[in-house]
Amino acid sequence: MSSASPATAVSDSGSAPEAASAPAPGKAPAPTEAELLDFVRRTAADAELIASLPLDPEGRTWLRLNGPGGSEAWIIGWPPGTGTGWHDHGGSYGALATAGGRLTEQSLAARLPTEGWKTLELADGVDRERQLPAGSGRAFGPHHVHQVLNETEEEHAVSVHAYYPPLPLMRRYSRTGGLLRLEQVERPGEWE
C-alpha cells in the first residue's frame, strides 16, 4: 500500500495538477520538520508509487500528493541536466528525499530578509553543497534558499518533497558571484 495518495501527474509542458485536499482546519496538528522528513523518506522508498511517475526526457515531471497534517507533497522527475534555479519556499518549511538517481543541492547558510530588497551581496562562506544520492534526504527551515540539480548526463533522478504550510509563494533568484538578485515572485498555479 502507498504511503501517500496521488492526485495528478503532469510534465513541464502539461497542464496544471489539481490541488490535493487538505484536512479541515483544526483536524490535524501541523507536521514538524522531522515528520516531513520521515514522510518523504518513506514515500521515496515506495517503489510502486515512485514508478507511477511518468518520466520525460525533455523536462521535469511531477505528481502531487497529500502530505501529513495538511502539508503538500510532490514526487518530481529530473531528466539529466535539469534544475530548479535559486529559490525559497515563501516561509514554508519542508523536506526532500532522493528516490532514484543523484541530486545536488546548493544552498545558502544565511538567513535572508524576505522583503525590502532586490539585490543582496552575500558574505563569504555562505555557500553549501550537498550530494543527495538515492535514499538520502534532508529537512529545512522556513528561510531556506537553495537550488536542486541533476548534474548527471545520462540518468534521471526522482525525488519527493513536502512543505508546510502548503507553498504560499516561491521567490526566484539569479546569482552572479556574490550577488543574489530577486527576479520573480510566483504564486500557486504559476509553477504548476
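Each chain carries its own residue numbering, running from 1 in the direction its sequence is written. Given that the model is predicted, a residue must reach a pLDDT of at least 70 before its local features are reported, and side-chain atom pairs must reach 80 or more before they are shown or counted; all residues, however, enter totals for whole chains, interfaces and linings. Just so you know, side-chain values use all the structure's heavy atoms and leave hydrogens and water out.

### Some words on the overall build of the chain
- When its secondary structure is counted, the chain shows 2 helices and 13 strands.
- The buried label applies to any residue whose accessible area, calculated with a 1.4 Å probe on protein chains only, is under 20% of its type's maximum; exposed applies above 50%, and partly exposed to all values in between. In the chain, buried positions account for 47% of the 192 residues.
- The contact criterion used is simple: two residues touch if any of their non-hydrogen atoms lie within 4.5 Å. Considering only contacts in the chain between residues 6 or more positions apart, those separated by 24 or more positions represent 77%.
- Throughout, the Shrake-Rupley method with a 1.4 Å probe supplies accessible areas, and for residues the shown protein chains are the sole cover considered. Here the chain displays about 9400 Å² of accessible surface, and carbon together with sulfur accounts for 49% of that area. Counting from the N terminus, the helices are DSSP H or I runs at least four residues long and the strands are E runs at least two residues long.

### What about the pattern of salt bridges?
- By definition, a salt bridge exists where a carboxyl oxygen of Asp or Glu is found within 4 Å of a side-chain nitrogen of Lys or Arg. Taken as a whole and judged by the stated rule, the model has 7 salt bridges.
- The closest approach of N and O atoms between E72 and R64, which form a salt bridge, is 3.5 Å. Residues E72 and R64 agree in their burial class; the two are buried.

### Side note on unusual backbone geometry
- Residue Y164 is joined to P165 through a cis peptide bond whose omega torsion reads -10°.
- Mapped onto the fold, P165 is located in the loop between β11 (157-164) and β12 (170-176).

### Quick word on the environment of R111
- Mapping R111 onto the fold places it in the loop between β6 (102-108) and β7 (119-121).
- Linking R111 and V126, residues 15 residues apart in sequence, is a C-alpha distance of 9.9 Å.
- Here a polar contact is recorded for every N or O atom pair within 3.5 Å, except that within protein the pair must consist of a potential hydrogen donor and a potential acceptor, and residues adjacent in sequence are included only if both atoms are side-chain atoms. At a separation of 2.7 Å, a polar atom in the side chain of R111 contacts the side chain of H143.

### A closer look at the confidence of the model for the chain
- Summary of the metric used: pLDDT quantifies the predictor's per-residue confidence within the range 0 to 100. Mean pLDDT over the chain stands at 87; residues scoring 70 or higher make up 85%.
- Within the model, the stretch residues 1-23 combines pLDDT values under 50 with 55 contacts to residues more than four positions away or in other chains.

### Regarding the pairing of strand β2 (residues 61-66)
- For β2, the buried fraction is high: 5 of the 6 residues fall into the buried class.
- The criterion for strand pairing is that DSSP finds at least two bridges linking the strands in question. In this sheet, strand β3 (residues 72-78) lies alongside β2 in antiparallel orientation, the contact comprising 6 bridges. By the bridge assignment for β3, T61 is matched with G77.
- The hairpin turn running from β2 into β3, its antiparallel successor, is 5 residues long, and G69 in that turn takes a positive phi close to 60°.

### As for empty space enclosed by the protein
- With a 1 Å grid spanning the protein atoms alone, the term cavity applies to any set of points in which a 1.4 Å probe fits but cannot get out, the term pocket to an open set with protein on both sides within 12 Å along at least five of seven lines, and the term lining residue to any residue with an atom within 4 Å of a point. Grid points are joined across faces, edges and corners, and a volume is the space filled by probe spheres set on the points. Applying the stated criterion across every chain yields a total of 1 cavity of 30 Å³ or more.
- Size it by volume and the largest cavity reaches roughly 60 Å³.
- Every residue along the wall of the largest cavity is listed here: D88, G90, G91, L112, P113, T114, P142, H143, V145, R171 and Y173.
- Three classes are used: nonpolar for Ala, Val, Leu, Ile, Met, Phe, Trp, Tyr, Cys and Pro, charged for Asp, Glu, Lys and Arg, and polar for all others, with Gly counted as polar. By residue class, the composition of the lining of the largest cavity is 5 nonpolar, 4 polar and 2 charged.

### So, the nonpolar core
- With 18 residues, the main nonpolar core has V40, L63, L65, I75, V160 and A162 as its most contacted residues.
- Going through the elements one at a time, α1 (33-44), α2 (47-51), β2, β3, β5 (93-100) and β11 are the ones with two or more residues in this core.
- The element best represented in this core is α1, accounting for 5 residues.
- Take the buried residues of types Ala, Val, Leu, Ile, Met, Phe, Trp, Tyr and Cys, join any two whose side-chain atoms come within 4.5 Å, and each joined set is a nonpolar core. W74, L103, F140 and V148 belong to the second largest nonpolar core, which has 14 residues in total.

### A short note on α1
- By this rule the span expected of a helix is its residue count minus one, scaled by 1.5 Å. Compared with the 16 Å implied by 1.5 Å per residue over 12 residues, the 16 Å span of α1 between its first and last C-alpha is a close match.
- Residues of α1 that are buried: L36, L37, F39, V40, T43 and A44. Axial view of α1: buried residues confined to an arc of 160°, hence all on one face.
- Where α1 is buried, its residues contact α2, β2, β3, β5, β9 (137-140) and β11. As used here, the arc belongs to the directions running from the helix axis to the C-beta atoms.

### Quick look at the pairing of β6
- For β6, a buried count of 6 out of 7 residues is recorded, marking the element as mostly surrounded by other parts of the structure.
- Examined bridge by bridge, β6 and strand β8 (residues 127-133) share 7 bridges and lie antiparallel to one another. Paired with S107 across the bridge in β8 is R128.
- The pairing of β6 with strand β10 (residues 146-149) spans 4 bridges and is classified as antiparallel. Along β10, the bridge assignment pairs T104 with L149.

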